[in-house]
Amino acid sequence: METVKVKFIHDQTSANPKYRGFFHGVREIIRVQGIRGTYQGLTATVLKQGSNQAIRFYVMTSLKNWYKGDNPNKTINPLLTGAFGATAGAASVFGNTPLDVIKTRMQGLEAHKYKSTWDCAVKILRHEGLAAFYKGTVPRLGRVCLDVAIVFIIYEEVVKALNTVWKTD
């Protein structure tokens, strides 16, 4: 789905879009590139999503442990949970935007330029420099920080509610 999404976005911003809708687009991708065309950038996607979650949960857990100190029963206000979540989101953006850039390039309409995830990374570095790995960081920060803050607030509040019925701690 991630590959199809990126191809659709690139297609819709091109001078002559060729996909007339979701099903037509998927059929065209498979017809022209085979089923492999729907899996382009899989390695980069797995690396990006894995590092994304690892960074977020590590930062969130570290901040919660720091705040609670020696009192594991200390409650955390939802606004503070949101601030910790936003911080975790920011850390994940800075930590894995390079992988996101590689993933997007591997999945785009120009993906045929790259032999592999490594080849894509090397070509970006060689032809565009290190700064190219952080393209789109600022807009991504705005979206991800808010998204992660909301997700962690909801998660913590659901866990609190469930703990009143079933003890999970």
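Residues numbered from 1 in each chain as written. Predicted model: local features only at pLDDT ≥ 70, side-chain atom pairs only at ≥ 80, totals over all residues. Heavy atoms only, no water.

- An unreviewed UniProt entry lists the protein under the name Tricarboxylate transport protein, mitochondrial, with Pleuronectes platessa given as the organism.
- According to the UniProt record, the Sequence similarities (unreviewed entry) comment for the protein is "Belongs to the mitochondrial carrier (TC 2.A.29) family."
- Database annotation for the protein, UniProt heading Subcellular location (unreviewed entry): "Mitochondrion membrane". (UniProt positions renumbered as here; feature names shortened; annotations may be inferred.)

A word on the pattern of salt bridges
Next, step 1: Within this structure, the stated rule accounts for ten salt bridges.
Next, step 2: Among the ionic pairs, K135 bridges to E128, the shortest N-O distance being 3.0 Å.
Next, step 3: Its relative accessible area of 49% is what places K135 among the partly exposed residues.
Next, step 4: Where salt bridges share partners, they join K48, D100, K103 and R140 into one cluster. (Salt bridge = Lys/Arg side-chain N within 4 Å of Asp/Glu carboxyl O. Buried < 20%, exposed > 50% of the residue type's maximum accessible area, 1.4 Å probe, protein only.)

Considering the packing of aromatic side chains
Next, step 1: Tallied over the entire structure, the rule returns five aromatic pairs.
Next, step 2: Seen in terms of ring centroids, F8 and Y19 are 5.3 Å apart; in terms of plane orientation they differ by 35 degrees. Their pairing is tilted. With a gap of eleven residues between them, F8 in helix 1 (residues 2-12) and Y19 in the loop between helix 1 and helix 2 (22-33) connect regions that are remote in the sequence. With respect to burial, F8 and Y19 carry one shared label: buried.
Next, step 3: With centroids separated by 5.3 Å and ring planes inclined at 75 degrees, the aromatic side chains of F57 and F152 adopt a geometry described as edge-to-face. A residue pair is termed long-range when its members are at least 10 positions apart, and F57 in helix 3 (residues 42-68) and F152 in helix 6 (residues 137-165) qualify at 95 residues.
Next, step 4: Residue classification places F152 among the buried positions, given a relative accessible area of 6%.
Next, step 5: Ring pairing ties together the aromatic residues F8, Y19, F22 and F23, which thus form one cluster.
Next, step 6: Looking at K74, its charged tip hangs above the ring of Y67, at a distance of 4.2 Å from the centre. (Phe/Tyr/Trp six-rings, centres within 6.5 Å; stacked < 30°, edge-to-face > 60°. Helix = DSSP H or I, 4+ residues; strand = E, 2+ residues; numbered from the N terminus. Lys NZ or Arg CZ within 6 Å of the ring centre and 35° of its normal.)

Some remarks on the packing of helix 1 against helix 2
Next, step 1: Packing of helix 1 against helix 2 leaves a shortest axis separation of 11 Å and a crossing angle of 100 degrees. Taken together, the axes of helix 1 and helix 2 are roughly perpendicular relative to one another. Mapping the contact onto sequence places V4, K7 and F8 in helix 1 and F22, G25, V26, I29 and Q33 in helix 2.
Next, step 2: When its residues are assigned to classes, the contact of helix 1 with helix 2 shows five nonpolar, two polar and one charged. (Axes fitted to C-alpha atoms, helices over the stretch in contact; angles between N-to-C directions. Parallel < 35°, antiparallel > 145°, perpendicular 65-115°, else oblique. Contact = heavy atoms within 4.5 Å. Nonpolar A, V, L, I, M, F, W, Y, C, P; charged D, E, K, R; others polar.)

Here we look at a nonpolar patch on the surface
Next, step 1: On the surface, a nonpolar cluster with roughly 700 Å² of combined accessible area is contributed by L146, I150, I154, V158, L162, V165 and W166.
Next, step 2: Considering the arrangement of structural elements, one finds V165 in helix 6. (Patch = residues over 30% accessible without salt bridge, like charges linked within 9 Å, V, L, I, M, F, W, Y side chains within 5 Å. Areas by Shrake-Rupley, 256 points an atom, 1.4 Å probe, with all protein chains shown as cover.)

Some thoughts on helix 2
Next, step 1: With twelve residues, helix 2 extends 16 Å from end C-alpha to end C-alpha; this agrees with the ideal 16 Å at 1.5 Å per step.
Next, step 2: Those residues of helix 2 lying buried are H24, G25 and I29. Here the buried residues of helix 2 occupy an arc of 135 degrees about the axis, which is enough to place them on one side. In helix 2, the exposed positions that point more than 90 degrees away from the buried face belong to F23, R27 and R31.
Next, step 3: Buried residues belonging to helix 2 abut helix 1. (Expected span 1.5 Å × (residues − 1). Arc of directions from axis to C-beta.)

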